[in-house]
Amino acid sequence: MAGELVTVNIAKRTPFCPARNLVPYAGEVFGRLASSGLLEQLLDELIATTG
């Protein structure tokens, strides 16, 4: 279903991220994104242009 984590490995020709690695990889990626402040900056810019 949309929005749910896959529990099987998927691939076309090249395998994507193995299902067992999705949660650890997502934690790493979203942790870096959170610490970068980019989302807060984007939100501030969005508010400034629409508010």
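In what follows, the structure referred to is the one given above.
Residues numbered from 1 in each chain as written. Predicted model: local features only at pLDDT ≥ 70, side-chain atom pairs only at ≥ 80, totals over all residues. Heavy atoms only, no water.

Novice: How would you sum up the environment of Ala2? Please name residues and give values.
Specialist: Topologically, Ala2 is positioned in the segment before helix H1 (22–36). Classification of Ala2 as exposed rests on a relative accessible area of 81%. Sequence separation between Ala2 and Thr49 is 47 residues, and the spatial gap between their C-alpha atoms is 31 Å. (Helix = DSSP H or I, 4+ residues; strand = E, 2+ residues; numbered from the N terminus. Buried < 20%, exposed > 50% of the residue type's maximum accessible area, 1.4 Å probe, protein only.)

Novice: Describe the pattern of salt bridges, and please don't skip the residues or the numbers.
Specialist: This model, assessed by the stated rule, comprises 1 salt bridge. Glu28 is paired through a salt bridge with Arg32; the nearest N and O atoms lie 2.4 Å apart. Taken together, the residues Glu28 and Arg32, both in helix H1 and 4 residues apart, mark about one turn of the helix. Judged by its relative accessible area of 42%, Glu28 falls in the partly exposed class. Overall, Arg32 belongs to the exposed group, its relative accessible area being 52%. (Salt bridge = Lys/Arg side-chain N within 4 Å of Asp/Glu carboxyl O.)

The values are spatial; any link to function lies outside them.
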